[in-house]
Amino acid sequence: MSDQISLRAYGKINLGLDVVGKRSDGYHEVKMVMQTVGLYDSLKLERKKEPGIHVTTNLYFLPTGEDNLVYRAADMLMKEFGVKEGLSIGLHKRIPVAAGMGGGSSDAAAVLVGVNKLFHLGLSRKALMERGVNLGADVPYCVMRGTALAEGIGEKLRRLPPMPDCFILLAKPPVSVSTRFVYGNLKADILPFHPDLDGMIKALEKNNLSGVAACMGNVLETVTIPAYPQVQKLKDIMMDAGARMALMSGSGPTVFGIFDKKETADRTCRMLRREGLAKQAYTVKPYNSKE
Ligand SMILES: C[C@@](CO)(OP(=O)(O)O)[C@H](O)COP(=O)(O)OP(=O)(O)OC[C@H]1O[C@@H](n2ccc(N)nc2=O)[C@H](O)[C@@H]1O
Ligand SMILES: Nc1ncnc2c1ncn2[C@@H]1O[C@H](COP(=O)(O)OP(=O)(O)O)[C@@H](O)[C@H]1O
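Residues numbered from 1 in each chain as written. Chains lettered and ligands numbered in written order. Predicted model: local features only at pLDDT ≥ 70, side-chain atom pairs only at ≥ 80, totals over all residues.

*Asks:* Before we go on, may I ask you to explain the pairing of strand E9 (residues 245-248) in this structure?
*Replies:* In regular strands, side chains alternate between the two faces of the sheet. Alternating residues of E9 divide into Met245 and Leu247 and Ala246 and Met248, and every residue in both groups is buried. Bridging between E9 and strand E10 (residues 255-259) involves four bridges; their strand directions are antiparallel. In the strand pairing of E10, alanine 246 is matched with glycine 257. Here E9 folds back onto E10, and the loop between the two strands holds six residues, one of which, glycine 250, carries a positive phi near 55°. (Buried ≥ 20, exposed ≤ 12 C-beta atoms within 10 Å, placed from the backbone. Helix = DSSP H or I, 4+ residues; strand = E, 2+ residues; numbered from the N terminus. Pairing = 2+ DSSP bridges.)

Given below as structure tokens:
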């Protein structure tokens, strides 16, 4: 019986993000096409004899107590199952923080999976996804991973055919954006456009990358771009560099560009870093393994 487990928590991008309504509790009804990407945080979970949850991380500014989603995920499951032992969580972050890439949600999802295994709780993936939504709207998707349609507040999921192969340039300008701020300032009843997500699903079914790119759109750009013009600048640079399409991910400010050639994505990546437009910039691929 192993007392420790190593896990990867992958980041996500939103190939499309539409808001279709608002609930009475203030949360927004969304329709999103989600895609996992090959940039990940590493986690090491270890069972301890002494009770308590102990979190360490490579980022000095991240909380290590209840405010860290990894703590909350472990605490939730361990309390529900009356686990008497303790747990240490080592978290090595690579996914930019407060960036629209779902890093915290993915870390939480990985901890749900890890705690379930480590303490032999016997929960199915579906049962973990149902519990995940109590930690954040994107957590169930982060348990599922791959290409998916997300509805409700993000928790109603349907698997889609995988995104066609390509290179994805991720670039986070040096600002942090709060998801709450963006949804809080969204004028959901007078959105100037809606992305064609049904068209995107058809394009995915045909493995047609240019069709996917043509249907990309994110209504949250209407809030984030006026507040952070750096986002539009990154989109323009990626389009000028030859991206099929460039879009903000989630509530931002990370921008991703879809490229056919690795060299073009890498060259643009180096330029963005050199010019200080995005210190955190990476060329990755879509990640479609379910494990
Ligand atoms: C915008 C998206 C797109 O994938 O991702 P990020 O930019 O955060 O990565 C998600 O909808 C974010 O989901 P997630 O980050 O899990 O949200 P939560 O922690 O549950 O909520 C943070 C805050 O966002 C608002 N919120 C979130 C989800 C939703 N469908 N409607 C909302 O109005 C609420 O005000 C909530 O208090
Ligand atoms: N494990 C975690 N990783 C990153 N941020 C975390 C984590 N736990 C809690 N947070 C808090 O959640 C906020 C948003 O986190 P993150 O998931 O990176 O952004 P986003 O919702 O834009 O994808 C951060 O400001 C941070 O303080």
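*Asks:* Explanation requested: the site of ligand 1 in the structure shown.
*Replies:* As a structural note, the neighbourhood of ligand 1 is formed by 20 residues, with Gly136, Asp138, Tyr183, Gly250 and Ser251 the closest of them. Of all the elements in the fold, those that place two or more residues in the shell around ligand 1 are strand E1 (4-22), strand E2 (28-48) and helix H5 (179-184). Residues that form the shell around ligand 1 fall into these classes: seven nonpolar, 11 polar and two charged. (Near = placed C-beta within 6 Å. Nonpolar A, V, L, I, M, F, W, Y, C, P; charged D, E, K, R; others polar.)

*Asks:* Looking at this structure, how should I read the UniProt feature "binding site: ATP" (unreviewed entry) in the protein chain?
*Replies:* Within the UniProt annotation, "binding site: ATP" (unreviewed entry) is assigned to Pro96, Val97, Ala98, Ala99, Gly100, Met101, Gly102, Gly103, Gly104, Ser105 and Ser106. Setting aside its immediate chain neighbours within four residues, alanine 99 contacts Lys172, Pro253 and Thr254. Position of glycine 100 among the secondary structure elements: in the loop between strand E4 (86-92) and helix H2 (103-118). Residue glycine 100 is classed as buried on the basis of its C-beta count, with 28 C-beta atoms lying within 10 Å. In contact with glycine 100, not counting residues within four places along its chain, are Val177, Met248, Ser249, Gly250, Ser251, Gly252, Pro253 and Thr254. (UniProt positions renumbered as here; feature names shortened; annotations may be inferred. Contact = placed C-beta atoms within 7 Å.)

*Asks:* I would appreciate a short explanation of the domain arrangement of the protein chain in the present structure.
*Replies:* The parts lose accessible area when they come together, and the size of an interface is often stated as this lost area. Looking at the protein chain, the domain boundaries give domain 1 (4-159) and domain 2 (167-284). Between the C-alpha centres of domain 1 and domain 2 the distance comes to 23 Å. Counting from both sides, the interface comprises 23 residues of domain 1 and, opposite them, 34 residues of domain 2. Taken together, the elements giving at least two residues each to the side of domain 1 that touches domain 2 come down to E1, E2 and strand E5 (147-151). (Domains from an automatic or database assignment.)

*Asks:* Quick question: what am I supposed to make of the site of ligand 2 here?
*Replies:* The environment of ligand 2 is made up of 18 residues, and the closest members are Leu69, Ala98, Gly103, Gly104 and Asp107. Residue assignment for the shell around ligand 2 shows that the elements contributing at least two residues are helix H1 (69-80) and H2. At four residues, the largest contribution of residues to the shell around ligand 2 is made by H2. Of the residues that constitute the shell around ligand 2, the class distribution is seven nonpolar, nine polar and two charged. Viewed by domain, the shell around ligand 2 spans two of them, domain 1 (4-159) and domain 2 (167-284), each represented by three or more residues.

*Asks:* What is the right way to look at the nonpolar core in this model?
*Replies:* Note on soluble globular proteins: their nonpolar side chains tend to be buried together. Grouped together as the largest cluster of nonpolar side chains are 85 residues, with contacts concentrated most on Ala74, Val111, Leu112 and Leu169. Of the residues forming this core, the biggest block, nine residues, is contributed by E2. Two domains each provide a minimum of three residues to this core, namely domain 1 (4-159) and domain 2 (167-284). With near-sequence residues (within four places) excluded, leucine 169 lies in contact with Met238, Phe256, Gly257, Phe259, Ala265, Thr268, Cys269 and Thr283. (Core = buried A, V, L, I, M, F, W, Y, C linked by C-beta atoms within 7 Å.)

*Asks:* What is the right way to read the environment of valine 37 from this model?
*Replies:* Relative to the helices and strands, valine 37 resides in strand E2. Residues valine 37 and leucine 170, 133 residues apart in the sequence, show an inter-C-alpha distance of 9.5 Å. Setting aside residues no more than four positions away along its own chain, valine 37 makes contact with Tyr10, Gly11, Lys12, Ile13, Ile168, Leu170, Val284, Pro286 and Tyr287.

*Asks:* Where do I start with helix H3 (residues 125-132) in this structure?
*Replies:* Owing to its 3.6 residues per turn, the α-helix aligns residues three or four sequence positions apart on the same side. Considered for burial, the residues of H3 that qualify are Leu128, Met129 and Gly132. On an axial view of H3, the arc spanned by its buried residues comes to 100°, and they lie on one face. (Arc of directions from axis to C-beta.)

*Asks:* How should the sheet that holds strand E7 (residues 167-172) be read in this particular structure?
*Replies:* The strands making up a sheet associate through backbone hydrogen bonding, with each pair oriented either parallel or antiparallel. If you trace the four strands from one edge of the open sheet to the other, you get E9-E10-E7-E11, paired in antiparallel fashion. If you trace the sheet from one side to the other, it starts and ends with E9 and strand E11 (280-284), each paired once. Adjacent strand axes in the sheet meet at a mean angle of 15° when their direction is disregarded. As paired strands, E7 and E11 are joined by five bridges and run antiparallel to one another. Looking across to E11, one finds that leucine 170 is bridged to tyrosine 282. Across the face of the sheet, helix H9 (residues 230-240) comes into contact with E7, E9 and E10 while running at roughly 10° to E10. (Axes fitted to C-alpha atoms, helices over the stretch in contact; angles between N-to-C directions.)

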